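Residue-level listing of the chains:
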Amino acid sequence: MKCTAETIFHKLSATYIIKEEDFIAYYVWLKTKDCFKVLVATILSQNSTDKSAIKAYLELERKVGVTPEKLSNANLADIESALKISGLYRTKAKRLKEISRIILERYNGLIDSLLNTSNARDELLKLEGIGEKTADVVLLTCYGYYGYKVFPVDTHITRVSKRLGIVPTNAKYSLISSTLKELFSAYDLLHLHHMLIAHGRQTCKARKPLCNSCIIKECCEYYSHRDGEAWRSNTS
Ligand code: SF4
């Protein structure tokens, strides 16, 4: 990597204003401070934009209610109908109902009993439909404030990290996540997570990155290899 973590963090901070409505888990957390609702919101964002996931979430809250009791007692058809705007709504409806049932039965309806333990990540990963990214988003959004160190990685963060040269171009989720977590351990990881996604969406785009106007181009391996097609094609 060509710059320090401090330089990258401060340059991104000076460039991107994080709007809560661009990140569904953060939006729901700020509005409710309820980790179960954050979990539901994060599941809704799978294969969906944050914008349509927020619409689906609000519709679900309005039509059914987002609590373990209400979701596990609701008719599947009512949950599906609320989620129609979101991708894979039938699968998500089934999963939300099942996860709600498990949280109700095993944790007395209190998701904090699950999350407030040292093996919370492993427990979340046992639930159908919850992968590493979903588990890490929930843990960082709800518990990052208390020093719970995880780092969720999405497609934008993967691309940006590889292009910057923070990780090798063949790196997978766990390496990218642990590298970013270590490198930026002195900083607000939730803010960094949002800023890297904003950077990937607005500047470091998959097909045509806006390198000339990029605030961190002097930190970037991709930029310094911009004549090397082979290197670049591994990081798109
Ligand atoms: S210089 Fe280009 S490739 Fe590098 S981080 Fe900026 S936009 Fe992405």
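Scroll up to find the structure.
Remember, it's a predicted structure, so these values are computed and weren't measured experimentally.

Colleague: Explain the overall build of the chain to me, using residue names and the numbers behind them.
Modeller: Helix and strand counts for the chain stand at 15 helices and zero strands. Projected onto its principal axes, the C-alpha coordinates of the chain cover approximately 60 × 35 × 30 Å. In the chain, which comprises 236 residues, the share counted as buried stands at 50%. On the chain, roughly 11,600 Å² of surface is accessible, and the fraction owed to carbon and sulfur atoms is 49%. Positive and negative charge centroids in the chain, built from 35 and 26 side chains respectively, lie 6 Å apart.

Colleague: How would you explain helix α13 (residues 189-202) if you had to name every residue and give the values?
Modeller: One turn of an α-helix holds 3.6 residues; hence residues three or four places apart share an orientation. Under the 1.5 Å per step criterion, the end-to-end length of α13 is 20 Å for 14 residues, consistent within 8% with the ideal 20 Å. For α13, a buried count of 11 out of 14 residues is recorded, marking the element as mostly surrounded by other parts of the structure. Within the sequence span of α13, burial applies to Leu 189, Leu 190, Leu 192, His 193, His 194, Met 195, Leu 196, Ile 197, Ala 198, His 199 and Gly 200. If you follow the buried residues of α13, they end up packed against α1 (5-15), α2 (24-32), α10 (132-143), α11 (155-164) and α12 (173-183). Its side-chain oxygen at 3.1 Å from the backbone nitrogen of Leu 190, Asp 188 defines the N-terminal cap of α13.

Colleague: Explain the state of the cysteines to me, using residue names and the numbers behind them.
Modeller: Taken as a whole and assessed by the stated rule, the structure comprises one disulfide. Disulfide partner of Cys 3: Cys 219, at an S-S distance of 2.1 Å. Residues Cys 3 and Cys 219 are joined through a disulfide that is left-handed, its torsion about the S-S bond being -90 degrees. Pair noted here: Cys 3 is in the segment before α1 and Cys 219 is in the loop between α13 and α14 (221-224), with a separation of 216 residues, a long-range link.

Colleague: Break down the site of the ligand for me, with residues and values.
Modeller: Residues in close proximity to the ligand include Arg 163, Leu 164, His 199, Cys 204, Pro 209, Cys 211, Cys 214, Lys 217, Cys 220, Tyr 222 and Tyr 223, which together make up its full environment. Among the elements of the structure, α11 and α14 are those that each provide at least two residues to the shell around the ligand. Residues belonging to the shell around the ligand are distributed by class as follows: eight nonpolar, one polar and two charged.

Colleague: Account for the nonpolar core, with residues named and values stated.
Modeller: One finds Leu 39, Val 40, Leu 60, Leu 83, Leu 115, Leu 124 and Phe 184 to be the most contacted residues of the largest nonpolar core, which totals 82 residues. Considering every element that reaches this core, the biggest residue donor is helix α3 (residues 35-44), with eight residues. Mapping this core onto the domain boundaries places at least three of its residues in each of domain 1 (5-18 + 151-235) and domain 2 (34-146). The contacts of Phe 184, once residues within four sequence positions are left out, are Ala 5, Ile 8, Phe 9, Ile 166, Leu 189 and Leu 192.

Rules used in this analysis
Here the residue index of a chain counts from 1 through its sequence in written order. Residue-level local features of this predicted model are given only where pLDDT is at least 70; pairs of side-chain atoms are given and counted only at 80 or more, and the full residue set underlies all totals for whole chains, interfaces and linings. Each side-chain value is derived from all of the structure's non-hydrogen atoms; neither hydrogens nor water enter the calculation. Each helix corresponds to a stretch of at least 4 residues labelled H or I by DSSP, and each strand to a stretch of at least 2 residues labelled E; elements are numbered beginning at the N terminus. Type-normalised accessible area, obtained with a 1.4 Å probe on protein chains alone, sets the label of each residue: buried when under 20%, exposed when over 50%, and partly exposed for intermediate values. All accessibility values rest on the Shrake-Rupley procedure with a 1.4 Å probe; residue burial counts only the protein chains present in the view. Positive charges are assigned to Lys and Arg, negative charges to Asp and Glu, while His and the chain termini are left out of the count. By convention, the charge on Lys lies at NZ, on Arg at CZ, on Asp at CG and on Glu at CD. What a helix should span is 1.5 Å times the count of its residues minus one. Between two residues, a contact is recorded if the distance between any of their heavy atoms is within 4.5 Å. Here a polar contact is taken to be a pair of N or O atoms separated by no more than 3.5 Å, where protein atoms must pair a possible hydrogen donor with a possible acceptor and residues adjacent in sequence count only if both atoms sit in side chains. In plain terms, two cysteine sulfur atoms within 2.5 Å form what is called a disulfide here. To be near a molecule or strand, a residue needs just one of its heavy atoms within 4 Å of it. Basically, the charged four are Asp, Glu, Lys and Arg, the nonpolar ten are Ala, Val, Leu, Ile, Met, Phe, Trp, Tyr, Cys and Pro, and anything else, Gly included, counts as polar. To qualify as a nonpolar core, a set must consist of buried Ala, Val, Leu, Ile, Met, Phe, Trp, Tyr and Cys residues joined through side-chain atoms within 4.5 Å. Each domain's limits were defined by an automated method or a database of domain assignments.

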